[in-house]
Amino acid sequence: MKITIIGTGYVGLVTGACLAELGNDVFCLDLDEKKIALLNNGGIPIHEPGLEEVVARNRAAGRLRFSTDVGAAVAHGKLQFIAVGTPPDEDGSADLQYVLAAARNIGKHMTEFKVIVDKSTVPVGTAERVRAALQAELDERGVAATFSVASNPEFLKEGAAVEDFMRPDRIVIGCDSTPEGERARELMKTLYAPFNRNHERTYWMDVRSAEFTKYAANAMLATRISFMNELANLADKVGVDIEAVRHGIGSDPRIGHSFLYAGCGYGGSCFPKDVQALERTARGHGQELLILRAVEAVNDRQKLVLGGKVTARYGEDLAGRHFAVWGLAFKPNTDDMREASARVLLAELLQRGASVAVYDPVAMAEARRVLALDLAPALLARIRFAASPMDALNGADALAIVTEWKAFRSPDFEQIKARLKEPVIFDGRNLFEPADMAEAGIEYHGIGRSVLT
Ligand code: NAD
């Protein structure tokens, strides 16, 4: 099938590359000329395992192309996927300016039937706004072409995006019941047929329910994390090991093991903004989402917990102290630093007078970029970007771990001890066992692991 993807970010690029991998003829549009030039030169703007190979293979096969040409993009695909960003507006609601601009661009150029598929995460009712924006352009041009707007939210996880797209748990598609909606349903059924071969994974629903499903999923996951974080903070006070509790409750199939990890807060481009946007939608309808308000407040507080453990140990004034920080990305296997907990910890340590040496396996370049935006030059000057995890440790008072990269899971503890001034670890992701640390002679501060022995 001929498919156009509008927006070549995490979601658009992965969607385009994976749909090309299935044999479709995919045209990826982006307005960012630098990004398109990089892709056309064989580069990849994001770190995502396996993506480079899929993009290279399908470009070489002529099934995947990148362009800034809006007219050509609209002419190409019968299916027009909108995968542009929906960042938070000042009031927390989803900013739809990019989505609506993409819709207007389609309306400015289309001459025949199209299906517009919202893949971006958008609030309930957005499909109607997309429809109105597009129709206004058609009316202005006096073009009588028909179209349908469908919702197909994306559930991929950064860091495993290609795998998730190729082996989805479920595919959610919302179509309306007009004749155009029926045509949209048939086209989407054909497009996704290869994913449904073993068993049916597609959940068909109305457009509004599909839009809502994405927010409900992210809100549920964020809730599980904040719930465990809040319990972990109490566990620290009452001498309980939250990891033992996690196993104890996760084994109940009604609860399950996933997403029960206590840590130093969730980040990324989705959970924080989607929880806020759903709260905003509710407020717009006179309802307050009390649970989600708490989820957000708990998470904001949780990002301060690691810094709090550092000041509890060394005092409020950290002038003259030096810390090693392992992990900068908001989660492993990505270089994405949006809303990353490391940004909060670094700001606190630096503002209290400390200096830091940081290391992340892939996010170093992105960290340099975002930290230069976050921090005043005088604070930025106290960050050393280390060449390796062990290099970051040299002469540090303690090590703080913020991202659970696999490479940090089994370090050489003797080397850690030799390089740190004192063997102290603040572990924001509970990578190690307190008993093992005690045996290794390391003072260990996890999250919710202050078990009384
Ligand atoms: P992103 O910021 O990485 O990419 C968006 C791209 O759209 C940018 O390259 C931008 O230049 C381009 N763009 C903006 N306006 C455009 C226009 N009018 N025409 C063409 N291109 C345009 O965003 P992302 O992380 O891929 O997220 C996209 C959407 O998918 C968001 O709504 C997000 O919430 C949702 N989502 C993201 C993830 C994720 O893990 N990142 C997962 C599921 C859903």
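Residues numbered from 1 in each chain as written. Predicted model: local features only at pLDDT ≥ 70, side-chain atom pairs only at ≥ 80, totals over all residues.

Looking at an unreviewed UniProt entry, one finds the protein named UDP-glucose 6-dehydrogenase and attributed to Janthinobacterium fluminis. Here the protein is described in UniProt, under the heading Catalytic activity (unreviewed entry), as follows: "UDP-alpha-D-glucose + 2 NAD(+) + H2O = UDP-alpha-D-glucuronate + 2 NADH + 3 H(+)". In the Sequence similarities (unreviewed entry) part of its UniProt record, the protein is described as follows: "Belongs to the UDP-glucose/GDP-mannose dehydrogenase family." (UniProt positions renumbered as here; feature names shortened; annotations may be inferred.)

Q: In this structure, what is going on with the overall build of the protein? I would like to understand it.
A: Broken down by element type, the protein carries 19 helices and 14 strands. Against the 2.2 N^0.38 benchmark of 22 Å for 453 residues, the protein shows a C-alpha radius of gyration of 24 Å, consistent with a compact globule. Counting only C-alpha atoms and orienting by the principal axes, one finds that the protein spans roughly 75 × 45 × 45 Å. Burial status across the protein gives 44% buried among its 453 residues. (Helix = DSSP H or I, 4+ residues; strand = E, 2+ residues; numbered from the N terminus. Rg over C-alpha atoms; globule rule 2.2 N^0.38 Å. Buried ≥ 20, exposed ≤ 12 C-beta atoms within 10 Å, placed from the backbone.)

Q: I'm lost on the packing of helix 13 (residues 305-314) against helix 14 (residues 341-351) in this one. Help?
A: Axes are the key here: two packed helices are described by the angle between their axes and the distance separating the axes. The interhelical angle for the contact between helix 13 and helix 14, taken along N-to-C directions, is 30 degrees, at an axis separation of 8 Å. With respect to helix 14, the element helix 13 is oriented roughly parallel. Residues Leu306, Gly307 and Val310 of helix 13 lie in contact with helix 14, whose contacting residues are Leu345, Glu348 and Leu349. For the contact of helix 13 with helix 14, the per-class residue count stands at 4 nonpolar, 1 polar and 1 charged. (Axes fitted to C-alpha atoms, helices over the stretch in contact; angles between N-to-C directions. Parallel < 35°, antiparallel > 145°, perpendicular 65-115°, else oblique. Contact = placed C-beta atoms within 7 Å. Nonpolar A, V, L, I, M, F, W, Y, C, P; charged D, E, K, R; others polar.)

Q: Sorry if this is basic, but what is going on with the site of the ligand here?
A: Taken together, 27 residues surround the ligand, and among them Gly7, Gly9, Val11, Ser120 and Thr121 come closest. Counting only elements with at least two residues in the shell around the ligand, the list comes to helix 1 (10-21) and helix 5 (97-109). When residues in the shell around the ligand are grouped by element, the largest group, 4 residues, is from helix 5. When grouped by side-chain class, the residues that make up the shell around the ligand number 12 nonpolar, 10 polar and 5 charged. (Near = placed C-beta within 6 Å.)

Q: Sorry if this is basic, but what is going on with the pairing of strand 1 (residues 2-6) here?
A: Each regular strand shows side chains that alternate between the opposite faces of the sheet. Summarising burial for strand 1: 4 of the 5 residues are buried, a large majority. Alignment of strand 1 against strand 2 (residues 25-29), held across 5 bridges, turns out to be parallel. The partner of Ile5 across the bridge, within strand 2, is Cys28. This β-α-β element, strand 1 to helix 1 to strand 2, shows right-handed connectivity. (Pairing = 2+ DSSP bridges. Right-handed = clockwise from strand over helix to strand, strands pointing away.)

Q: How should I be thinking about the domain arrangement of the protein in this particular structure?
A: Accessible area lost upon the coming together of the parts serves often as the stated size of an interface. Looking at the protein, the domain boundaries give domain 1 (2-205) and domain 2 (221-445). Between the C-alpha centres of domain 1 and domain 2 the distance comes to 34 Å. Listed as interface residues are 15 residues of domain 1 and, on the opposing side, 16 residues of domain 2. Broken down by class, the residue content of the side of domain 1 that touches domain 2 amounts to 8 nonpolar, 5 polar and 2 charged. (Domains from an automatic or database assignment.)

Q: Whenever I open this one, the sheet that holds strand 12 (residues 398-401) confuses me. Can you help?
A: To summarise the sheet geometry, strands pair through backbone hydrogen bonds and adopt either a parallel or an antiparallel arrangement. Read across the open sheet, the 6 strands follow the order 11-10-9-12-13-14; overall the sheet is parallel. The sheet is open, and its two edges are formed by strand 11 (383-385) and strand 14 (443-445), each paired on a single side. Here the strands of the sheet are splayed against their neighbours by 20 degrees on average, with no regard to which way each runs. Relative to strand 11, strand 10 (residues 355-359) runs parallel, the two being bridged by 3 bridges. Bridge pairing in strand 11 places Val358 opposite Phe385. Those strands touched by helix 14 are strand 9 (322-326), strand 10 and strand 12, and its axis lies near 175 degrees from that of strand 9.

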